[in-house]
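Summary of structural features
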Amino acid sequence: MSIAVNLALITARIAAAAKASGRKPEQVRLVAVSKTHGPGAVKEALAAGQILFGENYVQEAQDKIPAVGPGPSWHFIGHLQSNKAKVVAELFDVVQSVDRLKLAKALDRRAGELGRKLGVLLQVNVGGEAQKSGCAPAEAANLAQEVAKLEHLELTGLMTMPPFFDDPQRARPLFAQLRELAVRLGRDLPEGAMRHLSMGMSGDFEAAIAEGATLVRVGTAIFGQREYS
Ligand SMILES: *Cc1c(COP(=O)(O)O)cnc(C)c1O
């Protein structure tokens, strides 16, 4: 199926999931995850009205983002080393995968040099899996306090990537855990600092919406299977 058709189907499913849990469709935004797919695929999605895109790899984004040109808003969602902060602060509007203060400070410094403000979300490892990025839930409050002080970053919420389950309903307690954490942290943070919950991917975005997701990150269901070379 074409990217435009896939986008229409996903958008309809997002709206239905939002309504089913008493939320408004416009409270959930779709981040189209275009990693491994070329600028042509992004342009096709853009032509179909998709504005928001997510990328995981710095080097790939360095080629792709200029090739696509103006129009999209780009979110970085992958693991990020502090020495790549400069490039990411130049190319992206939002970094969803901030999981340590060193990285936040590097992004803040680069954003300051560029005279811009960079949106950030804190990635939290709610599943506690050893191989996944993200700070531990117990560290999140401290990290949020420190990040909120950084002048060139705007903290807007939390992101998570729970373990893969065949049955997406099994991820729901973890999505709920992220929502509850955001509520708790929000009490001691500036207004709006916990307004976004980025959770849910191709296989489980409806379960995430039922638990309050405001950003869902969907790749495969829009662009098809990824091929890694
Ligand atoms: C690749 C990726 C996605 C998209 O996953 P799909 O299963 O293809 O929808 C979402 N979030 C992150 C952090 C990813 O790395």
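Residues numbered from 1 in each chain as written. Predicted model: local features only at pLDDT ≥ 70, side-chain atom pairs only at ≥ 80, totals over all residues. Heavy atoms only, no water.

Digging into the site of the ligand
Within the structure, the ligand sits among Val33, Lys35, Asn56, Ile77, Met161, Met201, Ser202, Arg217, Val218, Gly219, Thr220 and Arg226. In the environment of the ligand, an oxygen atom lies 2.7 Å from a nitrogen or oxygen atom belonging to the side chain of arginine 226. Its free accessible area being 380 Å², the ligand has 92% of it covered by the protein chains. Of the residues contributing to the shell around the ligand, the split by class is five nonpolar, four polar and three charged. (Near = heavy atom within 4 Å. Polar contact = N/O pair within 3.5 Å; in protein donor to acceptor, adjacent residues only side chain to side chain. Areas by Shrake-Rupley, 256 points an atom, 1.4 Å probe, with all protein chains shown as cover. Nonpolar A, V, L, I, M, F, W, Y, C, P; charged D, E, K, R; others polar.)

Digging into the UniProt feature "modified residue: N6-(pyridoxal phosphate)lysine" (unreviewed entry) in the protein
UniProt feature "modified residue: N6-(pyridoxal phosphate)lysine" (unreviewed entry): in the numbering of this structure it lies at Lys35. As for its placement among the helices and strands, lysine 35 is situated in the loop between strand E1 (29-33) and helix H2 (39-47). Lysine 35 has contacts with Gly54, Glu55, Asn56, Tyr57, Glu60, Lys64, Arg226 and Tyr228, leaving out every residue within four places of it along the chain. (UniProt positions renumbered as here; feature names shortened; annotations may be inferred. Helix = DSSP H or I, 4+ residues; strand = E, 2+ residues; numbered from the N terminus. Contact = heavy atoms within 4.5 Å.)

A few points about the pairing of strand E3 (residues 73-76)
Of the two faces of E3, both are covered, the one formed by Ser73 and His75 as well as the one formed by Trp74 and Phe76. Pairing between strand E2 (residues 52-55) and E3: four bridges, direction parallel. Each residue of the ladder has a partner; that of phenylalanine 53, found in E3, is tryptophan 74. Handedness of the crossover joining E2 and E3 through helix H3 (residues 58-68): right-handed. Bridge count for E3 against strand E4 (residues 94-98) is two bridges, and the pairing is parallel. By the bridge assignment, phenylalanine 76 is partnered in E4 with valine 95. (Buried < 20%, exposed > 50% of the residue type's maximum accessible area, 1.4 Å probe, protein only. Pairing = 2+ DSSP bridges. Right-handed = clockwise from strand over helix to strand, strands pointing away.)

Observations concerning a nonpolar patch on the surface
Nonpolar side chains collect at one region of the surface, where Met1, Val5 and Leu9 lie side by side and expose about 330 Å² of accessible area between them. Position of leucine 9 among the secondary structure elements: in helix H1 (residues 3-20). (Patch = residues over 30% accessible without salt bridge, like charges linked within 9 Å, V, L, I, M, F, W, Y side chains within 5 Å. Salt bridge = Lys/Arg side-chain N within 4 Å of Asp/Glu carboxyl O.)

Considering the nonpolar core
Soluble globular proteins: nonpolar side chains tend toward being buried together. Counting 67 residues, the largest nonpolar core has Val95, Leu107, Leu155, Leu158, Ile209, Val216 and Ile222 as its most contacted members. The contacts of valine 216, once residues within four sequence positions are left out, are Ile14, Val28, Arg29, Leu30, Val31, Met199, Gly200, Phe205 and Ile209. In terms of nonpolar packing, the next biggest core, distinct from the first, is built from eight residues, Val33, Leu52, Ile77 and Leu215 among them. (Core = buried A, V, L, I, M, F, W, Y, C linked by side-chain atoms within 4.5 Å.)

Some details on unusual backbone geometry
As a rule of thumb, non-glycine residues mostly have phi less than zero, and peptide bonds are mostly trans rather than cis. For threonine 36, which is not glycine, the phi dihedral falls at a positive 75 degrees. Checked against the element boundaries, threonine 36 lands in the loop between E1 and H2.

Brief notes about the environment of isoleucine 14
Note that isoleucine 14 resides in helix H1. C-alpha of isoleucine 14 to C-alpha of alanine 41: the two residues are 27 residues apart in sequence and 21 Å apart in space. Discounting chain neighbours no more than four positions away, the residues touching isoleucine 14 are Val28, Leu30, Phe205, Ile209 and Val216.

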